[in-house]
Amino acid sequence: MFIDEVKVHAKAGRGGDGVTSFFRQPYEPKGPPDGGDGGEGGSVVVRASEDLASLVDYHHRPHRAATRGRHGSGDRRKGADGQDEVLLVPVGTVVSDTDGVPLADLAAAGDEVVVARGGRGGRGNAAFRTARRRSPRFHELGEPGEERWLVLELKLAADVALVGFPNVGKSSLISRISAARPKIADYPFTTLSPALGVVRHDDVDLVVADVPGLIEGAAEGRGLGHAFLRHVERARVLVHVLDCASHDQRDPREDLEVVLRELSRYAPELLERPAIVLLNKVDADREVAEIVRPDLEDAGWEVVVGSAVSGEGIPALVGRLAELVARLRTEEPRAVAESATTRPVLRPQAEEGFVVERADDGFRVRGPQVRRWVAMTDFDNDEAVAYLAGRLARAGVERALVAAGAREGDPVDLEGVAFDFAPELDTLPPEERAALAEAAADAASGDETSDAHDRGGGEAGS
């Protein structure tokens, strides 16, 4: 079964929990903290491999998950890291999110992308020991791993793509010039999936793709070809196979116009690719080829007259394709080097920062870093909660809440955890403490002015 597009659910492993532990020996019953850290959760990685030709494995098993990290233990022993889940896909696979935003184009063997990052391991209590906090009795929980749906879309990496109407002889052509053996019959749509064949001419090896037939409206979903137009995108050269002996006596020139129109609707840049027109089946009707060839050449097309059945003209076609592909391969490294200075560089987004939002029922605090802190906090441990409060205060969350109008006792949603706002001023440095007090005073005076204005308006109205 040939599957070229699938949806996959990737779930990374959770980080292991840290541990609360203290060193103990006969003559030192209250030793220092020695709780170890948890292991890192495994990530989900998509990697291109030349050993695969289809995405059928993910069609049957779309849910893939990495393993979680192990918990830490005493004597500062760190937990084992989780195993990555590596998803092998064919070369030419494009990885996108469910909104269609591309994440990676795995165009070469060995290319890979991390699609779901494993959670960080929680720190043990030994990591929280300071000069003031001599015996911390809390640890961090492991961070949950990322979880997301992905779309894997295979675009065959072929040198030459054979395009044209159904039943024009594309399958017969690829079976003659290569060892590929696609289904061949005298009715339309015998090719239900793309077929690849390798052609050797002198010292040049070509990969030729036989794409299912296109009909008018293919770009909008008619027929079968619309599902496989993506496989034409990577081809260096296009061969337009035209039927000179169709059963319904179609005009090959009109067939070519229809195919060009559908390619333009799907990807206009395809019309700029080097292309050759093959007037096929001349063994059955040579007169049609002689009529249409001058018109095609006057329009600027390079035309080859031949027959996939008898072999006439096919060696000349293969030789010309080998010449074009060899030239394009030598030009590609030069084009890549010339565009290297303007190629965009993708960098991971910073996790720092947060946003305070006013809601009908209070305030909300959102941000990746805050989300991680909350997820790794043991809310059944008062020391752990106090440590989280200190982190939030040092990060400026309390100051931002006060500036947004929060008052003591107001409900606050901290990435899904609800609590009543009670700023811990003692946890702030002196300069931040003064700034917070000033912001609170300003907000309070603003409320008094607003209340007085409201009272005055009420009395005047009465």
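The structure displayed is predicted, hence computed values, not measured ones. (Residues numbered from 1 in each chain as written. Predicted model: local features only at pLDDT ≥ 70, side-chain atom pairs only at ≥ 80, totals over all residues. Heavy atoms only, no water.)

Colleague: Can you walk me through the environment of Ile276 in this structure?
Modeller: Within the element layout of this structure, Ile276 appears in strand 13 (residues 275-280). What makes Ile276 buried here is its relative accessible area of 0%. For the pair Ile276 and Leu162, spaced 114 residues apart in sequence, the C-alpha to C-alpha distance is 9.8 Å. (Helix = DSSP H or I, 4+ residues; strand = E, 2+ residues; numbered from the N terminus. Buried < 20%, exposed > 50% of the residue type's maximum accessible area, 1.4 Å probe, protein only.)

Colleague: Whenever I open this one, the packing of helix 3 (residues 252-266) against helix 4 (residues 286-298) confuses me. Can you help?
Modeller: What describes two packed helices is the angle between their axes and the distance between those same axes. At a minimum axis distance of 9 Å, the contact between helix 3 and helix 4 shows a crossing angle of 50°. The angle between helix 3 and helix 4 falls in the class oblique. Contacts from Pro252, Arg253 and Leu256 of helix 3 reach helix 4 at Val288, Ile291, Val292, Asp295 and Leu296. Of the residues contributing to the contact of helix 3 with helix 4, the split by class is six nonpolar, no polar and two charged. (Axes fitted to C-alpha atoms, helices over the stretch in contact; angles between N-to-C directions. Parallel < 35°, antiparallel > 145°, perpendicular 65-115°, else oblique. Contact = heavy atoms within 4.5 Å. Nonpolar A, V, L, I, M, F, W, Y, C, P; charged D, E, K, R; others polar.)

Colleague: Would you mind going over unusual backbone geometry with me for this structure?
Modeller: Negative phi characterises most residues that are not glycine, and trans characterises most peptide bonds. The phi dihedral of Asn167 is positive, around 65°, even though this residue is not glycine. On the secondary structure map, Asn167 appears in the loop between strand 9 (160-163) and helix 2 (170-177). On the basis of relative accessible area, Asn167 is assigned to the partly exposed category, the value being 22%.

Colleague: So what exactly am I meant to see when it comes to the sheet that holds strand 2 (residues 44-49) here?
Modeller: For sheets, the rule is that strands pair by backbone hydrogen bonds, running either parallel or antiparallel. Read across the open sheet, the three strands follow the order 4-2-7; overall the sheet is mixed. Each end of this open sheet is capped by a strand with a single partner; those strands are strand 4 (85-90) and strand 7 (112-116). Sheet twist, expressed as the average angle between the axes of neighbouring strands with direction ignored, equals 30°. Two strands pair when backbone bridges link them, and strand 2 and strand 7 are joined in this way by four bridges, in the antiparallel orientation. What sits directly across from Val45, in strand 7, is Val114. (Pairing = 2+ DSSP bridges.)

Colleague: Which parts of the structure should I look at to understand helix 7 (residues 382-395)?
Modeller: Count 3.6 residues to each turn of an α-helix, and residues three or four apart come out pointing the same way. Between its terminal C-alpha atoms helix 7 stretches 20 Å, which fits the 20 Å expected from 14 residues at 1.5 Å a residue. What helix 7 keeps buried is the set Ala384, Tyr387, Leu388, Gly390, Arg391, Leu392 and Ala393. The N-terminus of helix 7 is capped by Asn381, whose side-chain oxygen sits 2.9 Å from the backbone nitrogen of Glu383. (Expected span 1.5 Å × (residues − 1). Polar contact = N/O pair within 3.5 Å; in protein donor to acceptor, adjacent residues only side chain to side chain.)

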